[in-house]
Amino acid sequence: MSIQELENYFATVKLPENPVKINGYATIEESDVFVAAQLAIITREAETYQKTSAYLRLLEFKQWLENQP
């Protein structure tokens, strides 16, 4: 998934307002701040963004959002 696709996705999806536990060890307290920070990291690391943990965290959060009722 490209950086632009992730930016578009997170610009259009409704983010949770409350803290969410996306797996057994990670809780996202402020979704909007989390997304902005992770996007900033992968944008800065554009050449190798798919190898960054920020990219993997965004994909995991995206998957979590898509699995919510």
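Here, the structure is the one placed above.
First things first, this report covers the structure right here in the doc. (Residues numbered from 1 in each chain as written. Predicted model: local features only at pLDDT ≥ 70, side-chain atom pairs only at ≥ 80, totals over all residues. Heavy atoms only, no water.)

## Concerning the overall build of the protein chain
The following threshold applies: Helix and strand definitions here come from DSSP, where helices need a minimum of 4 consecutive H or I residues and strands a minimum of 2 consecutive E residues; each element is numbered from the N-terminal end. Throughout, radius of gyration means the C-alpha value; the globule benchmark is 2.2 Å times the number of residues raised to the power 0.38.
In terms of helices and strands, the protein chain carries 3 helices and 2 strands. Starting at the N terminus, the α and β elements of the protein chain follow one another as α-β-β-α-α. Against the globule reference of 11 Å for 69 residues, the protein chain gives a C-alpha radius of gyration of 12 Å, in line with a compact fold. Counting only C-alpha atoms and orienting by the principal axes, one finds that the protein chain spans roughly 35 × 25 × 20 Å.

## A short note on helix α1 (residues 3-12)
Formally: Under the scheme applied here, a residue whose accessible area is under 20% of the maximum for its type counts as buried, over 50% as exposed, and between as partly exposed, the area being computed with a 1.4 Å probe on protein chains only. Within this analysis, the arc is defined by the directions that extend from the helix axis to the C-beta atoms. Any pair of residues with heavy atoms lying within 4.5 Å of one another is described as a contacting pair.
Among the residues of α1, those classed as buried are Ile 3, Leu 6, Tyr 9 and Phe 10. Buried residues of α1, viewed axially, fall in a sector of 125°; they line one side. Looking at α1, the residues exposed on the side facing more than 90 degrees away from the buried face are Ala 11 and Thr 12. Where α1 is buried, its residues touch α2 (31-44) and α3 (53-66).

## Overview of the packing of α1 against α2
Stated formally: Here an axis means a line fitted to C-alpha atoms, over the contact stretch when the element is a helix, while the angle between two N-to-C directions is reported on a 0 to 180 degree scale. Angles are sorted into four bins: roughly parallel if under 35 degrees, roughly antiparallel if over 145, roughly perpendicular if 65 to 115, and oblique for all others. What makes a crossing left-handed is the near helix being turned counterclockwise from the far one by less than a right angle; a clockwise turn instead makes it right-handed. Residues are grouped as follows: nonpolar covers Ala, Val, Leu, Ile, Met, Phe, Trp, Tyr, Cys and Pro; charged covers Asp, Glu, Lys and Arg; every other residue, Gly included, is treated as polar.
In the contact formed by α1 and α2, the axes pass within 11 Å of each other and the chain directions differ by 165°. The angle between α1 and α2 places the two elements in the roughly antiparallel class. α2 is crossed by α1, and the crossing has left-handed handedness. Taking contact as the criterion, the partners of Ile 3, Leu 6, Glu 7 and Phe 10 in α1 are, on α2, Val 35, Leu 39, Ile 42 and Thr 43. Split into classes, the residues belonging to the contact of α1 with α2 amount to 6 nonpolar, 1 polar and 1 charged.

## Let's talk about the packing of α2 against α3
Between α2 and α3, the least distance of the axes is 9 Å, while the angle of their chain directions is 140°. Overall, the two elements α2 and α3 adopt an arrangement that is oblique. Pair α2 / α3 crosses with left-handed handedness. Packed against α2, whose contacting residues are Ser 31, Phe 34, Val 35, Gln 38, Leu 39, Ile 41 and Ile 42, the element α3 presents Ala 54, Tyr 55, Arg 57, Leu 58 and Phe 61 at the interface. Split into classes, the residues belonging to the contact of α2 with α3 amount to 9 nonpolar, 2 polar and 1 charged.

Worth remembering: the numbers are spatial, not functional.
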